[in-house]
Amino acid sequence: MKAREYEEVCAFFENSNGGEAEASMEAVRSRFPHISVDTLLAIDSQLHTRRLRLSHHKLRQPHLVQQYISRYVEGEDILKISSVYEINPCLLARIILEHLFGLTKHQITECLKDPGCLPEDIVKQVSEGICISSSSQSSELVSAGDMNISLQTRTCHISWERLHDDLYKCMDNDNATSPYIELIRRVTGIEYEAHLYRQLKELGISFQTENDLREAGFSKTPDVKLDVPIAVKGRVVNWIDSKASFGDEFNHKNQAELQFQRFGPGMVIYWFGFVEELDIHPDVLLLDDFPSKQDIYCLPSLCIEPIQYLKSKLDD
């Protein structure tokens, strides 16, 4: 994909405010029918993740955290609050679990993976602490995690069942930060790595995986290190990186250079496409699929053991 077209796709996503994510994607597909759905989804996901990183610190400002918690204590569910503040439901759930219930990051991660892991005693403790009489107009200070939050609200008991249900709703309605989405991304990456391994094995190309290299003591390794270099489209390839994503400037930055410095010339496969103008490194080839057999040249292997070959020559 040319850089200009990529910019048009990004701008269309940014300016598309049609409501539901499905409706927005349908509009993008109509505008760019020649681009695969997988590529469009990959670009959309990357743009959303980038926006989240840029706004993350703003969404965690103390006065906003206090507002989130006050509204939750008053009885609003997390989904409604997330809609009001335009924050991802699972991110808001993390903030509430941390600052209201005092859970550690590890506990929060486990609870979002499985809300059944939610500690009942912590919920009971907090519920008793924030239960304020509806007739009282005074503001009470309640210890909530690592913050003192001023609450002026009616009586509202936060039950384990309520929070449990809220967490499931967040997971089901978050298309960017939900554990389900993270699992899909991880599984997709593993599937494409497995596909790369199969292609290499079918061609009889010997290689070491990332795990093999790490066990040998290497750090920041490529997904595949070839035991013997090959040539792809006339370019030498010592290593291959598999990327189940779209290759834009933000994702590709420094990637090729770091691998080249460690292992020499290589190849990066962006399975969902890439910006063509990024393919400028003379020793790092960019592709959007595994190369065809005709484009690969492998060094011929000896049909007999080298020592036997030398002995036969000496005998002659």
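Scroll up a little and you will see the structure.
These numbers were taken from a predicted model, which means no experiment stands behind them.

(A) Inspection of the pairing of strand β5 (residues 235-243) at higher detail. Sheet topology note: the strand β4 (residues 224-232)/β5 ladder contains five bridges and is antiparallel. By the bridge assignment for β5, V232 is matched with R235. Connecting β4 to the antiparallel partner β5 that follows it, the hairpin turn spans two residues, and K233 within it adopts a positive phi of roughly 55 degrees. As defined by bridge partners, β5 adjoins strand β6 (residues 266-270) across five bridges and the pair is classed as parallel. Counterpart to S242 in the pairing with β6 is I269.

(B) Representation of a negative patch on the surface in the model. On the surface, E120, D121, E161 and D165 cluster together into a patch of negative charge. In this structure, D121 sits in helix α8 (residues 120-130).

(C) Just unusual backbone geometry, in detail. At E86, a position not held by glycine, the phi torsion is positive, near 55 degrees. Following the sequence through the fold, E86 ends up in the loop between α5 (78-85) and α6 (89-99). Even without being glycine, K233 reaches a positive phi, approximately 55 degrees. Tracing the chain through its elements places K233 in the loop between β4 and β5.

(D) Representation of helix α3 (residues 37-59). For α3, with 23 residues, the first-to-last C-alpha span of 31 Å sits near the 33 Å given by 1.5 Å per residue. A maximum bend of about 35 degrees is found in α3 at R53. Of all the residues in α3, the buried ones are T39, L40, A42, I43, Q46, L47, R50, L52 and L59.

(E) Fine view of the environment of S82. In this fold, S82 is placed in helix α5. S82 gets classed as buried once you look at its relative accessible area, which sits at 5%. Residues S82 and Y68 lie 14 residues apart in sequence; the distance between their C-alpha atoms is 8.6 Å.

(F) Spatial organisation of a nonpolar patch on the surface. Nonpolar side chains collect at one region of the surface, where V228, Y297 and L299 lie side by side and expose about 310 Å² of accessible area between them. Considering the arrangement of structural elements, one finds L299 in the loop between β8 (296-298) and α14 (306-315).

(G) Focus on the packing of aromatic side chains. Counted by the stated rule, this structure contains six aromatic pairs. Pairing Y192 with F272 gives two aromatic rings, centres 5.5 Å apart and planes at 85 degrees, and the pair type is edge-to-face. Here Y192 is found in helix α10 (residues 179-202), whereas its partner F272 is found in the loop between β6 and β7 (284-287), with 80 residues between them in sequence. On the basis of relative accessible area, Y192 is assigned to the partly exposed category, the value being 22%. Residue classification places F272 among the buried positions, given a relative accessible area of 12%. When the ring centre of F32 is taken as reference, the NZ or CZ atom of R31 above it lies at 4.6 Å. Between R162 and the ring centre of Y72, over which it is positioned, the NZ or CZ distance is 3.9 Å.

(H) The arrangement of the nonpolar core in detail. I43, L200, L226 and I240 are the most contacted members of the largest nonpolar core, which has 42 residues in total. Among the elements of the structure, α1 (3-15), α2 (21-31), α3, α10, β4, β5, β6 and β7 are those that each provide at least two residues to this core. Core analysis: the next-biggest nonpolar cluster, separate from the first, contains 33 residues, L64, Y72, V73 and L92 among them.

Criteria and thresholds
- Counting starts from 1 at the beginning of each chain's written sequence and moves along it residue by residue.
- Predicted model: local features are reported for residues with pLDDT of at least 70 only, side-chain atom pairs are reported and counted for 80 or more only, and whole-chain, interface and lining totals are derived from all residues.
- Side-chain numbers come from the whole structure's heavy atoms, not from hydrogens or water.
- Only strands that DSSP links by at least two bridges are regarded as paired with each other.
- Here a helix means four or more residues in a row that DSSP labels H or I, a strand means two or more in a row labelled E, and each is numbered from the N terminus.
- The patches reported here contain residues having more than 30% relative accessible area and no salt bridge. Joining distances are 9 Å for like charges and 5 Å for nonpolar side chains (Val, Leu, Ile, Met, Phe, Trp, Tyr).
- All accessible areas in this document rest on Shrake-Rupley with a 1.4 Å probe, and a residue is counted as covered only by the protein chains that are shown.
- The salt bridge definition used is simple: a Lys or Arg side-chain nitrogen within 4 Å of an Asp or Glu carboxyl oxygen.
- The charged-residue count follows a simple rule in which Lys and Arg add positive charge and Asp and Glu add negative charge, with His and chain termini not counted at all.
- One atom stands in for each charge, and that atom is NZ of Lys, CZ of Arg, CG of Asp or CD of Glu.
- One less than the number of residues in a helix, times 1.5 Å, gives the span that helix is expected to have.
- Each residue is assigned a bend, namely the angle between axes fitted to the seven residues that terminate at it and the seven residues that start at it.
- In this scheme, a residue with accessible area under 20% of its type's maximum is buried, one over 50% is exposed, and one in between is partly exposed, where area comes from a 1.4 Å probe on protein chains only.
- We call Phe, Tyr and Trp rings a pair once their centres come within 6.5 Å, taking the six-membered ring for Trp, and we label the pair stacked below 30 degrees between planes, edge-to-face above 60, and tilted otherwise.
- A ring is scored as having a charge over it whenever the NZ atom of a lysine or the CZ atom of an arginine sits within 6 Å of its centre and within 35 degrees of its normal.
- Only buried Ala, Val, Leu, Ile, Met, Phe, Trp, Tyr and Cys residues count toward a nonpolar core, and they belong to the same one when joined by side-chain atoms within 4.5 Å.

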